[in-house]
Amino acid sequence: MTVPSIGARTNVTTAIATASQKTGIDFNYLLGQAQVESGMRADARARTSSATGLYQFIEQSWLGVIKDHGEKHGLGWAADSIRQTANGRYTVSDPATRQAILSLRNDPQAASLMAAEHASDNKDALEASLGREATGTDLYMAHFLGIGGARKFLRAMDADPTRGAASLFPAAARANRNIFYAADGSQRSLGQIYERFAGKLDRGAAAVGATGAASGSLDARFQTLVASLGEDVEVVLGNDAVGQDRGWLTTLDRLENAGRLKASTLPTVNPLRPTPETARLAYLMLAQMGA
């Protein structure tokens, strides 16, 4: 695989950061997925399928996500040209237009935005089905198995993480033997496969400069805020009704309980009266929370 130039990688990283900001999907997850899927190469092509571009969209998946989300991101001409048949297949009547739409997979900005929108759709579907917050690894399972397969995998893993995965997904196991079986031929468990995917995502993100895990929480806006301020900063919003409505206190409590914030020796910040030290925090809250 050809290693992308520094300039190309910077362009890709900027596109991913923009997509994260616009969609709310975690930057580290999108970065890790791009590294795992294409090595951060916008022109990557698969040898055995139609998968192309930074996030290796196959043709039908790309047409579907463009149809659903293209107009929102200035690609109305493309979305309007796509039709879905009665059997669910996406078509474009004009061959030149179809090729132009598929070629957008090689554009870092379009590919990043559509990957983030697709991840957001999967996140919503998984959370509604599982009744909990989705993680980056959950989303990668949806990418690997499809949304239906991911639901089945995650529910089964919640019930028994030691259960053999190949017996539950025989077709996927036949096509991806190195994932479902160890080198000695033994069947990997659901939990083992999940952890391997989590590690793969995290290593991919770290390899291209991520400062946080790609496999965990997908709350990009709050993670960006915490990362920019450092883990030793606690934000105390007191009885601010807006802050409570937006769930900031809940998120902070959850992080503090998990040991990621240290409450005993940290300063109290009043975002309603920014000082030179807290002005940046106030700005970030407005920018990241969409106020």
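This write-up is about the structure you can find in this document. What you see is a predicted model; the values in this text were computed from it and never measured. (Residues numbered from 1 in each chain as written. Predicted model: local features only at pLDDT ≥ 70, side-chain atom pairs only at ≥ 80, totals over all residues. Heavy atoms only, no water.)

**Some thoughts on the environment of His118**
Argument step 1. Within the secondary structure, His118 sits in helix H6 (residues 108–130).
Argument step 2. Take His118: its relative accessible area is 31%, and that puts it in the partly exposed class. (Helix = DSSP H or I, 4+ residues; strand = E, 2+ residues; numbered from the N terminus. Buried < 20%, exposed > 50% of the residue type's maximum accessible area, 1.4 Å probe, protein only.)

**Details of the side chain of Glu117**
Argument step 1. Here Glu117 lies in helix H6.
Argument step 2. Overall, Glu117 belongs to the buried group, its relative accessible area being 5%.
Argument step 3. When near neighbours in sequence (up to four residues on either side) are disregarded, Glu117 contacts Thr23, His69, Lys72 and His73. (Contact = heavy atoms within 4.5 Å.)

**Regarding the layout of surface pockets**
A probe matching the size of a water molecule, rolled over the atoms, marks out where space remains unfilled.
Argument step 1. Space inside the largest pocket adds up to approximately 780 Å³.
Argument step 2. Along the wall of the largest pocket there are 31 residues; nearest its centre are Glu37, Ser49, Ala51, Gln56 and His143.
Argument step 3. Mapped onto the lining of the largest pocket, the elements with two or more residues apiece are helix H2 (27–38), H6 and helix H7 (136–159).
Argument step 4. Of the residues that constitute the lining of the largest pocket, the class distribution is 15 nonpolar, twelve polar and four charged. (1 Å grid on protein atoms, 1.4 Å probe; cavity = no way out; pocket = protein on both sides within 12 Å on 5 of 7 lines; lining within 4 Å. Points joined across faces, edges and corners; volume = space filled by probe spheres on them. Nonpolar A, V, L, I, M, F, W, Y, C, P; charged D, E, K, R; others polar.)

**Re the pattern of salt bridges**
Argument step 1. All told, the structure shown has five salt bridges when counted by the stated rule.
Argument step 2. Among the ionic pairs, Arg132 bridges to Asp138, the shortest N-O distance being 2.7 Å.
Argument step 3. Exposure remark for Arg132: the relative accessible area of 29% places this residue in the partly exposed category.
Argument step 4. Looking at Asp138, the relative accessible area reads 0%, which means it is buried. (Salt bridge = Lys/Arg side-chain N within 4 Å of Asp/Glu carboxyl O.)

**A short note on the environment of Leu75**
Argument step 1. By the secondary structure assignment, Leu75 is in the loop between helix H3 (59–69) and helix H4 (76–81).
Argument step 2. Given a relative accessible area of 12%, Leu75 falls into the buried group.
Argument step 3. Spatially, the C-alpha atom of Leu75 lies 9.2 Å from that of Ile101, the residues being 26 residues apart in sequence.

**Remarks on unusual backbone geometry**
Argument step 1. A positive phi angle, close to 65°, is found at Met40, a residue other than glycine.
Argument step 2. Note on placement: Met40 falls in the loop between H2 and H3.
Argument step 3. A positive phi is found at Gln56, a non-glycine position, where the angle reads about 50°.
Argument step 4. The residue Gln56 is located in the loop between H2 and H3 in this model.

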